[in-house]
Amino acid sequence: RKLRANQADEETLRFHYENFGPPGTVAKEEHVSDLDLTLVTFANDARLNLRPTTFEPQRFRLRVVFPQNYSDLPPAAGGVSDLAGLILLSSNLRKQTQAEIGRLLKLRGVTPQFTVNNGTPVFSISGPSGQLGFGLQFLTALLSNLDLDQDHYRAALSRSAGQHQNMLSTPGLFALR
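Computed from a predicted structure; not experimentally measured.

Observations concerning the overall build of the chain
- Broken down by element type, the chain carries six helices and eight strands.
- When burial is assessed residue by residue, the chain has 26% of its 177 residues classed as buried.
- Excluding contacts between residues fewer than 6 apart, the proportion of contacts in the chain whose partners are at least 24 apart in sequence is 60%.
- For the chain, the accessible surface area stands at approximately 12,700 Å², while carbon and sulfur atoms represent 52% of it.

Okay, structure coming up:
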């Protein structure tokens, strides 16, 4: 019996966020030689720290550390950073669905991850060095064109509640305190 072809395979799956206009202006660039670290500050006050490593050849690791952290939140709102990460990773982009993004990430070997480290939200992307451009485009699309709708918020809230319940059933909660 002849199988019906998958329509998604017939169409070319491509990332719809390839052009964000001209790049930002670099306001300051400084090299710290003993750390082999290049510090870049853009005109909009965004900062980028670049450091080459040899422990993962042909791979990149990009970490975004958000300036807001647990110290900026009232004690009763401690799970807000975790929920924000779940919303970030489970929402559609305005031009592409979560399913399409998931397929693109797998095809390119790029992995996004959201963690909260010592109260500070951290978003990481890693993958083959040839996919760094895609990783930066994905990050920009995620931070600038996320489709925050009720369905994805409810799904993220449910996942957050499940994680919170798992945390309460282990000694992990005491470790955080």
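What follows picks up the thread again.
Section: the sheet that holds strand β6 (residues 111-117)
- If you walk across this open sheet you meet the three strands as β4-β7-β6, and the pairing is antiparallel. Two strands close off the open sheet at either side, each with one partner strand: β4 (59-65) and β6. Between one strand axis and the next, the sheet turns by 20° as a mean value, whatever way the strands run.
- One ladder, built from seven bridges, connects β4 with strand β7 (residues 120-128); its direction is antiparallel. The residue bridging Leu62 from the neighbouring strand is Ile125, located in β7.

Digging into the nonpolar core
- Ranked by size, the top nonpolar core spans 20 residues in total, and within it Phe15, Leu93, Phe123, Ile125, Phe134, Phe138 and Leu142 carry the most contacts.
- Listed by contribution, the elements that provide at least two residues to this core are β4, α3 (98-108), β7 and α4 (132-144).
- With five residues, the top contributor of residues to this core is α4.
- The residues contacting Phe123, other than those within four sequence positions of it, are Leu62, Arg63, Val64, Phe66, Leu88, Leu89, Pro112, Gln113, Phe114, Phe138, Leu139 and Leu142.

A short note on the packing of aromatic side chains
- Enumeration over the complete set of coordinates arrives at four aromatic pairs.
- Taken together, a centroid distance of 5.5 Å and an interplanar angle of 50° make the contact between Phe15 and Tyr17 tilted.
- Residue class for Phe15 comes out buried when judged on its relative accessible area of 0%.
- Tyr17 gets classed as buried once you look at its relative accessible area, which sits at 4%.
- Between Tyr17 and Phe20 the ring centres are 6.4 Å apart and the planes differ by 15°, which places this aromatic pair in the stacked class.
- Connected via pairs of aromatic rings, a cluster forms that spans Phe15, Tyr17, Phe20, Phe134 and Phe138.
- The residue whose ring lies beneath Lys95 is Tyr17, and the NZ or CZ to ring-centre distance is 5.1 Å.

Describing α4
- Across its 13 residues, α4 extends 18 Å between first and last C-alpha, which sits within 8% of the 18 Å expected from 1.5 Å per residue.
- Within α4, the full set of buried residues consists of Phe134, Gly135, Phe138, Leu139, Ala141 and Leu142. Angularly, the buried residues of α4 cover 165° about the axis, an arc narrow enough to put them on a single face.

The rules we used
- Residues numbered from 1 in each chain as written.
- Predicted model: local features only at pLDDT ≥ 70, side-chain atom pairs only at ≥ 80, totals over all residues.
- Heavy atoms only, no water.
- Helix = DSSP H or I, 4+ residues; strand = E, 2+ residues; numbered from the N terminus.
- Buried < 20%, exposed > 50% of the residue type's maximum accessible area, 1.4 Å probe, protein only.
- Contact = heavy atoms within 4.5 Å.
- Areas by Shrake-Rupley, 256 points an atom, 1.4 Å probe, with all protein chains shown as cover.
- Pairing = 2+ DSSP bridges.
- Axes fitted to C-alpha atoms, helices over the stretch in contact; angles between N-to-C directions.
- Core = buried A, V, L, I, M, F, W, Y, C linked by side-chain atoms within 4.5 Å.
- Phe/Tyr/Trp six-rings, centres within 6.5 Å; stacked < 30°, edge-to-face > 60°.
- Lys NZ or Arg CZ within 6 Å of the ring centre and 35° of its normal.
- Expected span 1.5 Å × (residues − 1).
- Arc of directions from axis to C-beta.

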